[in-house]
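# Tertiary structure, described
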Protein chains: 2
Amino acid sequence: MRTVLEIQRVLAPDVVDVLKKRYTILRHLRHAGAVGRRTLAAALGMSERVLRAETEFLKSQGLVDIETSGMRVSEAGISLLADMEPMMKEWFGLAELEDRLAAAFGLRQVVVVPGDADRDPLAKRELGKAGAAELTRAAAAMERADNEPLVVAITGGSTIVEVADHLSASQGLKGALFVPARGGLGERVELQSGTIASTMAKRTGGGYRLMHVPDDVGEEAIATLMSEPHIREVADIVRCARIAVHGIGEAYEMARRRRVDAETIQKLRTGGAVAESFGYYYNRAGEVVHRMPTVGLRLEDIQRMETVIAVAGGGSKAEAIAAVLKNGQEDVLITDEAAATAMLQFSSLDAST
Amino acid sequence: MRTVLEIQRVLAPDVVDVLKKRYTILRHLRHAGAVGRRTLAAALGMSERVLRAETEFLKSQGLVDIETSGMRVSEAGISLLADMEPMMKEWFGLAELEDRLAAAFGLRQVVVVPGDADRDPLAKRELGKAGAAELTRAAAAMERADNEPLVVAITGGSTIVEVADHLSASQGLKGALFVPARGGLGERVELQSGTIASTMAKRTGGGYRLMHVPDDVGEEAIATLMSEPHIREVADIVRCARIAVHGIGEAYEMARRRRVDAETIQKLRTGGAVAESFGYYYNRAGEVVHRMPTVGLRLEDIQRMETVIAVAGGGSKAEAIAAVLKNGQEDVLITDEAAATAMLQFSSLDAST
DNA sequence: AATGGTCGGGACGTAATCGGTCCCGGTTGA
DNA sequence: TCAACCGGGACCGATTACGTCCCGACCATT
């Protein structure tokens with residue numbers, strides 16, 4: 001039997017956010033006493049208008065009193081706040097996880113959604129939603145020349161599909177150009193980066209480019225391909241990408257899905273590969289032990305990038321995520337509660353050995 | 001300590017509606033099996049588009065599967081539905097109350113909101129919201145000549161203030177003309193019908209007219225006033241009203257608030273007055289025992305009206321509401337759970353004696 | 001095999017809402 | 001006395017919601 005809250009998370013997923021927002025406002029307001037809209041909005045990092053809408057709502061519910069000197073929480077509001085405190089603790093536990101992860105892996109920002117993507121499809125959707133939100137925000141924050149489209153590099157995987165599905169048209173992403181970070185990597189077509197890039201373009205009203213590169217070609221064939229003008233052109237665009245959104249996979253799982261040859265498997269095994277991202281395989285220390293031979297982004301391109309967003313969750317991926325983050329290209333991580341908890345355990349174990 | 005649900009009812013009142021809507025869709029869908037959008041929309045009385053948005057959401061949550069033959073509830077949906085059933089019963093209890101009230105008092109439609117307006121301010125707000133929704137719907141359903149504004153007659157009272165506060169601009173009410181149903185009845189200004197009419201006009205973008213009639217004048221003075229062109233003009237407009245929205249009060253309570261003279265009090269007492277509405281006082285049988293002398297709507301005008309909406313709640317008003325409804329001018333009743341339950345008790349008592 | 005009805009999905013224009021921004025007159029506290 | 005801050009009002013572009021119609025696919029009946 002599910003709880004009321006779980007049912008709501010399925011049937012009306014946004015309410016949790018709304019509740020959290022209003023709770024936060026009430027809390028700050030109780031702490032700050034009589035304070036005005038602009039001051040409060042600045043303190044909470046909200047825009048004046050949305051905070052205004054919220055406070056007007058809270059006023060209409062009789063939870064805050066509005067006086068000429070400012071707003072303050074009413075008796076009813078204080079009582080409600082007290083009743084909410086315990087049930088909010090659970091949700092705000094995530095904020096603490098975020099801070100600890102950001103510190104442990106040197107990230108600019110971390111978002112942790114509740115649940116475990118391994119077991120709960122909802123958690124995966126939440127990952128996608130959060131990823132889409134971060135991408136949108138990152139794009140909005142970029143300074144852009146008018147004539148130059150914002151290039152966003154995308155990898156494949158089911159998690160990134162979720163990100164694509166939660167994107168929508170916005171100012172920041174208007175006219176953005178979505179490109180696959182790397183060429184064909186032998187996935188199913190609906191999980192391939194090209195498919196995802198086109199979805200994103202469609203949903204945001206942007207454009208996209210594809211690299212039509214055959215799978216399973218050798219290093220020398222890549223060199224030949226790169227001299228093709230079509231491929232070359234797209235590859236050049238990809239290297240101008242300012243944002244990248246990528247998933248993270250377990251090394252062997254990815255190798256299996258991509259049907260890599262026995263020789264490579266052996267290489268991964270001797271190298272102790274645990275993680276895959278962007279077609280690179282990493283060991284637990286975050287060192288690259290193998291690189292899929294295909295065109296597109298190289299590690300140094302990723303380093304140059306302004307915002308690299310990793311989206312991956314599920315307890316089973318914790319080790320892989322930690323490994324990739326140790327390599328240290330990422331700026332933003334979107335993950336779930338299960339992975340976050342496990343990652344912190346890994347990282348404290350490493351620190352102690 | 002409040003329950004999660006009660007907290008939500010305060011902090012996010014709309015979710016209950018959303019939940020109910022989605023639950024209803026799931027339920028009907030489970031019952032109907034594979035069925036299409038249009039068919040389902042017709043069965044549920046929704047527009048095709050909103051049902052589509054909902055089913056797309058339900059699909060995105062994995063609760064329904066969409067096939068070429070139609071939509072059907074998925075395994076996960078069935079399990080969720082089972083979990084929801086008990087918690088929904090509580091909310092759907094209200095639907096049953098609505099049906100019984102409609103049958104008992106011969107009403108076209110009844111809306112029962114949860115709670116007790118006597119004790120819970122939220123219930124009163126819900127009354128206002130439901131009243132505003134019904135008014136909007138009634139207005140939208142009217143056939144209107146282009147050049148003739150839709151006239152809506154309004155009474156006073158705190159409940160109708162709530163209705164006004166929940167109105168917003170809509171197509172149906174565009175250009176509507178709000179008028180006080182009757183002249184000054186000696187209330188506080190913020191509870192007077194004129195004030196409310198102007199609020200409604202402002203919120204909907206419509207117009208309003210006021211009757212500037214002094215309080216406490218005799219019958220003969222009324223006749224004189226009616227010959228005044230200004231008064232006369234507005235009174236004529238009022239009588240063309242096609243919709244009325246009114247509150248219902250307890251007889252003595254209203255008499256007290258309006259500071260009526262001792263003689264009238266005596267008249268009310270001998271007549272057994274229990275209820276007041278539109279300035280008319282009713283006994284338990286629904287007979288008019290007194291009429292406040294002022295200009296505006298007469299009982300026969302109300303009879304002619306296309307839609308008369310009564311909005312009143314609170315257990316203490318149950319008897320008064322029942323009395324007014326027995327007179328039988330009303331088409332639509334908006335009330336709350338406490339009043340609804342008590343009214344049904346009254347009505348069954350009456351039937352048995 | 002033909003056909004009429006219903007299916008999901010796509011598209012489009014308009015109404016309504018949201019949200020960023022600025023302004024204003026009043027209040028307050030230094 | 002005055003500057004800073006207050007709530008409320010207003011405006012406008014961006015975004016969303018929604019009514020409506022169309023299309024090709026599919027199915028059952030003819």
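See the structure above.
Residues numbered from 1 in each chain as written. Chains lettered and ligands numbered in written order. Predicted model: local features only at pLDDT ≥ 70, side-chain atom pairs only at ≥ 80, totals over all residues. Heavy atoms only, no water.

Another point: the relation of the copies chain B and chain A. In this structure, two copies of a chain are linked by a rotation about an axis accompanied by a shift along it. Least-squares fitting of chain B to chain A yields an RMSD of 0.2 Å, with the superposition described by an axial translation of 0.0 Å and a rotation of 179°. The transformation just described matches what one would write down for a two-fold rotation axis. Nearest to the rotation axis, the C-alpha of Val15(B) is located 3.5 Å from it, this being the minimum over chain B. Interface overlap between copies is the fraction of interface residues in one copy that are interface residues in the other; for chain B against chain A it reaches 100%, indicating a shared surface. (Least-squares fit on C-alpha atoms with pLDDT ≥ 70 in both. Contact = heavy atoms within 4.5 Å.)

This next bit is on the nonpolar core. Counting residues in hydrophobic clusters, the biggest one holds 60 residues, and the most contacted among them are Leu26(A) and Leu26(B). Excluding residues within four positions of it along the chain, Leu26(B) makes contact with Leu11(A), Leu58(B), Leu63(B), Val64(B), Val73(B), Leu80(B) and Leu81(B). (Core = buried A, V, L, I, M, F, W, Y, C linked by side-chain atoms within 4.5 Å. Buried < 20%, exposed > 50% of the residue type's maximum accessible area, 1.4 Å probe, protein only.)

Residue and element names in this part refer to chain A. For the structure on display, the rule yields 47 salt bridges over all chains. Residue Glu85 pairs with Arg27 through a salt bridge whose shortest N-O separation is 3.1 Å. Taken together, the residues span a long stretch of sequence, with Glu85 in helix 5 (residues 75-105) and Arg27 in helix 2 (residues 15-32) at a distance of 58 residues. In this structure, Arg232 engages Asp236 in a salt bridge whose closest nitrogen and oxygen atoms are separated by 3.7 Å. With Arg232 and Asp236 both in helix 10 (residues 229-239) and four residues apart, the pair spans about one turn of that helix. Through salt bridges that share partners, Arg239, Arg298, Asp301 and Arg304 make up one connected network. (Salt bridge = Lys/Arg side-chain N within 4 Å of Asp/Glu carboxyl O. Helix = DSSP H or I, 4+ residues; strand = E, 2+ residues; numbered from the N terminus.)

The subject of this paragraph is the protein's contact with DNA strand C. Taken together, 22 residues are adjacent to DNA strand C, and Ser47(A), Gly36(B), Arg37(B), Thr39(B) and Arg52(B) come closest. Here Glu48(A) contributes a side-chain N or O atom positioned 3.2 Å from a base nitrogen of DNA strand C. In this structure, a phosphate oxygen belonging to DNA strand C sits 2.5 Å away from a main-chain N or O atom of Gly36(B). Elements with a minimum of two residues in the surface near DNA strand C: helix 4 (48-60) of chain A together with helix 3 (37-44), helix 4 (48-60), strand 1 (64-67) and strand 2 (70-73) of chain B. Considering only residue class, the surface near DNA strand C consists of four nonpolar, 10 polar and eight charged. (Near = heavy atom within 4 Å. Polar contact = N/O pair within 3.5 Å; in protein donor to acceptor, adjacent residues only side chain to side chain. Nonpolar A, V, L, I, M, F, W, Y, C, P; charged D, E, K, R; others polar.)

Another point: the sheet that holds strand 3 (residues 109-113) of chain B. Residues and elements named next belong to chain B. An order of 3-13-12-7-4-5-6 is seen for the seven strands of this open sheet, with the pairing classed as parallel. Two strands in the sheet have a free side with no partner beyond their single neighbour: strand 3 and strand 6 (207-208). Relative to strand 6, strand 5 (residues 177-180) runs parallel, the two being bridged by two bridges. Bridge assignment links Phe178 to a residue of strand 6, and that residue is Tyr208. (Pairing = 2+ DSSP bridges.)

With that out of the way, let us pick up the pairing of strand 9 (residues 273-277) of chain B. Residue and element names in this part refer to chain B. Counting buried positions along strand 9 yields five of five residues, so the element is predominantly enclosed. Examined bridge by bridge, strand 8 (residues 249-250) and strand 9 share two bridges and lie antiparallel to one another. Bridge pairing in strand 9 links Glu250 to Ala275. When strand 9 meets strand 10 (residues 280-283), the two strands line up antiparallel, connected through four bridges. Looking at strand 10, one finds that Ala273 is bridged to Asn283. The antiparallel hairpin formed by strand 9 and strand 10 contains two residues in its connecting segment, where Phe278 sits at a positive phi of about 60°.

Now for the sheet that holds strand 3 (residues 109-113) of chain A. Ordered in space as 3-13-12-7-4-5-6 (chain A), the seven strands form an open sheet in which the pairing is parallel. Each edge of the open sheet carries a strand with a single partner, namely strand 3 and strand 6 (207-208) of chain A.

As a further point, take the interface of chain B and chain A. Listed as interface residues are 28 residues of chain B and, on the opposing side, 28 residues of chain A. In total, chain B and chain A occlude about 2,600 Å² of area from one another, counting both sides; carbon and sulfur atoms represent 66% of this. Taken together, chain B and chain A are joined by zero salt bridges. Here the side of chain B that touches chain A gets seven residues from one element, more than from any other, and that element is helix 1 (residues 4-11) of chain B. Of the residues belonging to the side of chain B that touches chain A, the class tally is 19 nonpolar, four polar and five charged. (Buried area = accessible area lost by both parts, 1.4 Å probe.)

Another aspect to go through is helix 14 (residues 318-327) of chain B. Within helix 14 of chain B, seven of the 10 residues are buried, leaving the element largely enclosed by the surrounding structure. Gly328(B) sits one or two positions beyond helix 14 of chain B and adopts a positive phi of about 85°.

Residue and element names in this part refer to chain B. Two elements in contact, helix 3 and helix 4, have axes separated by 9 Å at closest approach and are oriented at 110°. Taken together, helix 3 and helix 4 sit at an angle that is classed as roughly perpendicular. Crossing of helix 3 against helix 4: the hand is right-handed. Contacts from Arg37, Arg38, Leu40, Ala41 and Leu44 of helix 3 reach helix 4 at Glu48, Leu51 and Arg52. Counted by class, the contact of helix 3 with helix 4 contains four nonpolar, no polar and four charged residues. (Axes fitted to C-alpha atoms, helices over the stretch in contact; angles between N-to-C directions. Parallel < 35°, antiparallel > 145°, perpendicular 65-115°, else oblique. Left-handed = near helix turned anticlockwise from the far one by under 90°.)

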